[in-house]
There are 2 protein chains.
Amino acid sequence: MPNQDRSGLSRRAWLAAAAGTAATGLAMTRLDALKATGPQEEAVQPQDPTRVPGRFVSEVGRRAPGEQPRRLLRTLALSSSSRTPLQELQGTITPSDLHFERHHAGVPEIAQEEHELLVHGMVERPTVFRMADLRRYPQVSRICFIECSGNGGGAYSRGRMPVSITPQQLDGLLSTSEWTGVMLSTILREVGVRPGASWILAEGRDAAVMARSVPLDKAMGDAMLAYGQNGEAIRPEQGYPVRLLLPGWEGNAMVKWLRRIEVTDRPTMTRDETSRYTDPLKDGTARQFSFVMDAKSIITFPSYPYVLPERGWWEIEGLAWTGRGRITRVEVSVDGGRTWADAVLQPPVLSKSTVRFRHLWNWHGRETIILSRATDETGYVQPTVHQLWDARGERTAYHHNHQRAWKVAADGVVTFGLGDLV
Amino acid sequence: MPNQDRSGLSRRAWLAAAAGTAATGLAMTRLDALKATGPQEEAVQPQDPTRVPGRFVSEVGRRAPGEQPRRLLRTLALSSSSRTPLQELQGTITPSDLHFERHHAGVPEIAQEEHELLVHGMVERPTVFRMADLRRYPQVSRICFIECSGNGGGAYSRGRMPVSITPQQLDGLLSTSEWTGVMLSTILREVGVRPGASWILAEGRDAAVMARSVPLDKAMGDAMLAYGQNGEAIRPEQGYPVRLLLPGWEGNAMVKWLRRIEVTDRPTMTRDETSRYTDPLKDGTARQFSFVMDAKSIITFPSYPYVLPERGWWEIEGLAWTGRGRITRVEVSVDGGRTWADAVLQPPVLSKSTVRFRHLWNWHGRETIILSRATDETGYVQPTVHQLWDARGERTAYHHNHQRAWKVAADGVVTFGLGDLV
């Protein structure tokens, strides 16, 4: 993104600021700001690396000592989650060992040679598939996001808006991977779906035995049985040896450790679909089977706990995604939502995957609130929290895709800013 | 890829074969075949995972016990490499800890806070950049491959064609990642390149102090300073904290642990460019500065050491890539090169990145040789080894992008098959 595309950008001033940082070493930089509240840095390497033979080749690589991103754990008895450190990441791919977790009875240990997937119900030929069988069918790959339907719940309560919350804590139940597997439609065509079928039930093999009903349209659409993640076998935390993948839909419907698919003519109304995963609305009714993840975006820098050391040019960046296809636009406001400008989207913009957006901002050094707002290919615009409250009431527990805001104080300290706007 | 697109495909027969495998447990499957020569499987999990609480959430995930892909090490004193296990991977992304290594004096340990990049020479404003400075400039991300120019050398000698060689051993100096960083052109515009400049010298900070000359056109084109790999900080083995990235060009020119860029008006003719990385030709001259990686493809399944347990439908798959932009076509031959058919390319097909190709094949159960042949957007077609011998002689040490071949024997044993075709 060449600088000359930005009207008014003073390159010399910008470089001078950067050089000033380099020269004085006094100003806290973006990286310093992060580390101030993060793990302590290792002592500076005293040896000249050009005079010391380096580390030998290795069978499995490892991160630099000073780079140790971590998931954030949250538990309630056995029902637990771990969140991706969004504010520490760049690009779109989530490192596989940092992909978020969400399960109700821990991660089962399953050996792929003995795992079986039963496909039965309203089918011509009920069949048990082993992993070797699934892998023999035509393979497909797709980069897409998975998001938990409960993501973002920490910033929905009018009276309890957080201030010191990281993107990880707020929205860390979101990750992106390149998934490989077989189209579920291929398998369903093999077993032969009987006329009149309209749903499937997907069931997992963990101690929670998660079971979810999924409309047959989706199952015959872009649904996948995924056994590969970022080039290798799917991770146990993400469902090894095989999970259901429903691009753009709620994470919980993408049953992990998949052991059974039953083709039915109605939703099964399992425990997981009635006691959980239904959205209570204002009028007392509940929104059920709200499968699609609505368009959403979040600025990951600057965010809490970063500190901007000085005014001047900073690149705002974040992630945007939608379960309805492609993000077509992300707008950024640097004045609390009064005015908006288009951010740059990093190509390729893929359907039902995260896109990285970036926006050059000349910070005047005074307190302000910055926001982002995504639009997807259906024309859907990421709503404000007020709009969501109006539409769904203030008690809904899922699909909190409203606009997020960060307050940048005059001293450069960044905190979550939605509380100031409601 | 719905089965009905394949004329003559008997779905019932195919499924019956798969079901037969499941029922008898006697036939070796693709996975079994791989494991037969790989690490021993853990004992089958005896406990029913639905009756035992699973593993707790974790800060950093880990692979399933039965999935332990490894790089393959090769050393010559300190000059060493480690190769990506291509035959075990799927999709296109290379897990970061399995990205190939190639260096001449080990992996240096560098703390990013004290690392500096000097940009000087024919510039208006010589500048020292720290990592915090580089990160402040507009960021970009790009998925692309890196390939060592010496990759594939093991299958070029007429009299010494290998037989029992894996894709990892043959072509494992190839990996693909999502890279994040700043355009080198942004940095060069900041320092102001002086008229008359036409090259840059890039120098690394490891004990080998690798130095390479790169034409200014490339430096001002799509060259990047990359500090991010698959969503997080670039790995030490790949150049932490920052490397030069030249999409589509020879890996060695993409200097790792980058510490200096000198803008010049001629190539510097460093030790690394004269004693190494020049291609001797038939007529005694040498090809120098052969930067671009030519279009290439390799079938990764079936390959050595896989064993096909039975005749019938198998999906041939592999990787194709080119330094000249996009792959437009991959053809597969299942009869030793007599006839060819188009394989399916997995979208999105990205410029200067790897693309996964797949081709459904009904194996008749008799011995045969399978090959793949890539074509890129310039019209360049991956040559046969005969064509390369004619063009460059048989002693050239780099850019071995000729067509690869695998022999499938009647008993399903797969070996490298080029020796049979030359």
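This is a predicted model, so every value here is computed, not measured. (Residues numbered from 1 in each chain as written. Chains lettered and ligands numbered in written order. Predicted model: local features only at pLDDT ≥ 70, side-chain atom pairs only at ≥ 80, totals over all residues. Heavy atoms only, no water.)

Caption draft 1: Quick look at helix H5 (residues 184-191) of chain B. Residues and elements named next belong to chain B. With seven of its eight residues buried, H5 lies for the most part within the structure. By the burial criterion, the buried members of H5 are Leu 184, Ser 185, Thr 186, Ile 187, Leu 188, Glu 190 and Val 191. After H5 finishes, the residue Gly 192 shows a positive phi value of roughly 80°. (Buried < 20%, exposed > 50% of the residue type's maximum accessible area, 1.4 Å probe, protein only. Helix = DSSP H or I, 4+ residues; strand = E, 2+ residues; numbered from the N terminus.)

Caption draft 2: Structural detail: the state of the cysteines. Residues and elements named next belong to chain A. Considering all chains together, one arrives at zero disulfides over all chains under this definition. Residue Cys 148 stays outside any disulfide, its sulfur separated by 16 Å from that of Cys 144, the closest cysteine. For Cys 148, a relative accessible area of 7% puts it in the buried group. (Disulfide = S-S within 2.5 Å.)

Caption draft 3: A look at the pattern of salt bridges. According to the stated counting rule, one finds 60 salt bridges over all chains in the structure shown. The partner of Asp222(A) in a salt bridge is Lys218(A), with the nearest N and O atoms 2.8 Å apart. Looking at Asp222(A), the relative accessible area reads 17%, which means it is buried. Between Arg329(B) and Glu331(B) there is a salt bridge, with the nearest N and O atoms lying 3.6 Å from each other. The class of Glu331(B) is buried, set by a relative accessible area of 8%. One continuous salt-bridge network, built from bridges that share partners, spans Arg55(A), Arg71(B), Glu101(B) and Glu237(B). (Salt bridge = Lys/Arg side-chain N within 4 Å of Asp/Glu carboxyl O.)

Caption draft 4: View of the relation of the copies chain A and chain B. Note on the identical chains: chain A maps onto chain B by a rotation of 180° and an axial translation of 0.0 Å, with an RMSD of 0.0 Å. The relationship between the two copies is best expressed as a two-fold rotation axis. The overlap is high: 99% of the interface residues of chain A also sit at the interface in chain B, so the same surface is used on both sides. (Least-squares fit on C-alpha atoms with pLDDT ≥ 70 in both. Contact = heavy atoms within 4.5 Å.)

Caption draft 5: How the structure looks around the sheet that holds strand S18 (residues 327-333) of chain A. Residues and elements named next belong to chain A. Sheet architecture is open: five strands sit in the order S19-S18-S22-S23-S24, paired in antiparallel fashion. Edge positions in the sheet fall to strand S19 (341-342) and strand S24 (414-416), since each has one partner strand and no second. When strand S23 (residues 405-408) meets S24, the two strands line up antiparallel, connected through three bridges. In the sheet register, Val 408 faces S24, and the bridge partner there is Val 414. (Pairing = 2+ DSSP bridges.)

Caption draft 6: Highlighting the sheet that holds strand S3 (residues 101-103) of chain A. Residues and elements named next belong to chain A. Spatially, S1-S2-S3 is the arrangement adopted by the three strands of the open sheet, whose pairing is antiparallel. The outermost strands of the open sheet, each flanked by one partner alone, are strand S1 (72-76) and S3. Going across the sheet, the axis of each strand differs from the next one's by a mean of 10°, ignoring polarity. Examined bridge by bridge, S1 and strand S2 (residues 79-83) share five bridges and lie antiparallel to one another. Looking across to S2, one finds that Thr 75 is bridged to Ser 80. (Axes fitted to C-alpha atoms, helices over the stretch in contact; angles between N-to-C directions.)

Caption draft 7: Just the interface of chain A and chain B, in detail. Contacts between chain A and chain B engage 116 residues on the former and 116 residues on the latter. Surface buried jointly by chain A and chain B totals about 10,200 Å² across both partners, of which 54% is contributed by carbon and sulfur atoms. Where chain A touches chain B, the interface holds eight salt bridges. Between Arg70(A) and Glu59(B) there is a salt bridge whose closest N-O contact spans 3.9 Å. The biggest single contributor to the side of chain A that touches chain B is helix H1 (residues 11-24) of chain A, with seven residues. (Buried area = accessible area lost by both parts, 1.4 Å probe.)

Caption draft 8: The domain arrangement of chain A, seen in detail. Residue and element names in this part refer to chain A. On domain assignment, one finds that chain A holds domain 1 (101-285) and domain 2 (296-421). At the interface, 37 residues of domain 1 touch 36 residues of domain 2. Overall, the association of domain 1 and domain 2 removes approximately 3,100 Å² of surface from exposure, summing both partners, and the carbon and sulfur fraction of that is 58%. By the criterion of area lost to domain 2, the three top residues of domain 1 are Tyr 156, Arg 158 and Pro 167, representing 22% of everything that side buries. The interface formed by domain 1 and domain 2 contains five salt bridges. The closest approach of N and O atoms between Arg 404 and Asp 171, which form a salt bridge, is 2.6 Å. For the pair domain 1 and domain 2, the interface holds 17 residue pairs in polar contact (both at pLDDT 80 or more). When residues in the side of domain 1 that touches domain 2 are grouped by element, the largest group, five residues, is from strand S6 (residues 139-147). The residue inventory of the side of domain 1 that touches domain 2, partitioned by class, reads 16 nonpolar, 11 polar and 10 charged. (Domains from an automatic or database assignment. Polar contact = N/O pair within 3.5 Å; in protein donor to acceptor, adjacent residues only side chain to side chain. Nonpolar A, V, L, I, M, F, W, Y, C, P; charged D, E, K, R; others polar.)

Caption draft 9: Representation of the environment of Ala155(B) in the model. Residue and element names in this part refer to chain B. Counting through the fold element by element, Ala 155 comes out in the loop between strand S6 (139-147) and helix H4 (167-171). With relative accessibility at 0%, the residue Ala 155 sits in the buried group. As for Ala 155 and Glu 232, which are separated by 77 residues in sequence, their C-alpha atoms are 35 Å apart. Non-local contacts of Ala 155, meaning those with residues more than four positions away in its chain, are made with Met 161, Pro 162, Leu 170, His 402, Phe 416 and Leu 418.

Caption draft 10: Spatial organisation of the side chain of Asn230(A). Turning to its location among the elements, Asn230(A) is positioned in the loop between strand S10 (224-229) and strand S11 (232-233). When its relative accessible area of 4% is taken as the criterion, Asn230(A) is described as buried. At 3.1 Å, the side chain of Asn230(A) and the backbone oxygen of Thr94(A) are in polar contact. Polar side-chain contacts of Asn230(A) include one of 3.1 Å to the side chain of Ser96(A). Residues within four places of Asn230(A) in sequence aside, it is in contact with Ile93(A), Thr94(A), Ser96(A), Ser177(A), Glu178(A), Ile93(B) and Pro95(B).

Caption draft 11: Structural context of the packing of aromatic side chains. Scanning the model with the defined rule gives 14 aromatic pairs over all chains in all. Judged by centre distance (4.3 Å) and plane angle (15°), the ring pair of Trp249(A) and Phe291(A) falls under stacked. Of this pair, Trp249(A) sits in the loop between strand S12 (243-245) and strand S13 (258-264) while Phe291(A) sits in the loop between strand S15 (286-287) and strand S16 (296-301), and the two are 42 residues apart along the sequence. Given a relative accessible area of 6%, Phe291(A) falls into the buried group. Arranged with centres 5.2 Å apart and planes meeting at 80°, the rings of Trp406(B) and Phe416(B) form a pair that is edge-to-face. Linking Trp406(B) in strand S23 (residues 405-408) with Phe416(B) in strand S24 (residues 414-416), this pair joins segments that are 10 residues apart in sequence. A relative accessible area of 0% means that Trp406(B) is categorised as buried. Residue classification places Phe416(B) among the buried positions, given a relative accessible area of 2%. (Phe/Tyr/Trp six-rings, centres within 6.5 Å; stacked < 30°, edge-to-face > 60°.)

Caption draft 12: Local environment of helix H8 (residues 385-392) of chain A. Residue and element names in this part refer to chain A. Among all positions of H8, only Val 385, Leu 388, Trp 389 and Arg 392 are buried. Buried residues of H8, viewed axially, fall in a sector of 100°; they line one side. H8 presents Asp 390 and Ala 391 as exposed residues on the side facing more than 90 degrees away from its buried surface. Looking one or two places after H8, you find Gly 393, whose phi comes out positive at around 80°. (Arc of directions from axis to C-beta.)

Caption draft 13: Summary view of the environment of His364(A). Residues and elements named next belong to chain A. When you line up the elements, His 364 lands in the loop between strand S21 (355-363) and strand S22 (368-376). Assessed through its relative accessible area of 32%, His 364 is described here as partly exposed. On a C-alpha basis, the gap between His 364 and Trp 313 in space is 9.1 Å, while along the polypeptide they are 51 residues apart. Here the side chain of His 364 touches Arg 366 through a polar contact of 2.9 Å, landing on its backbone nitrogen.

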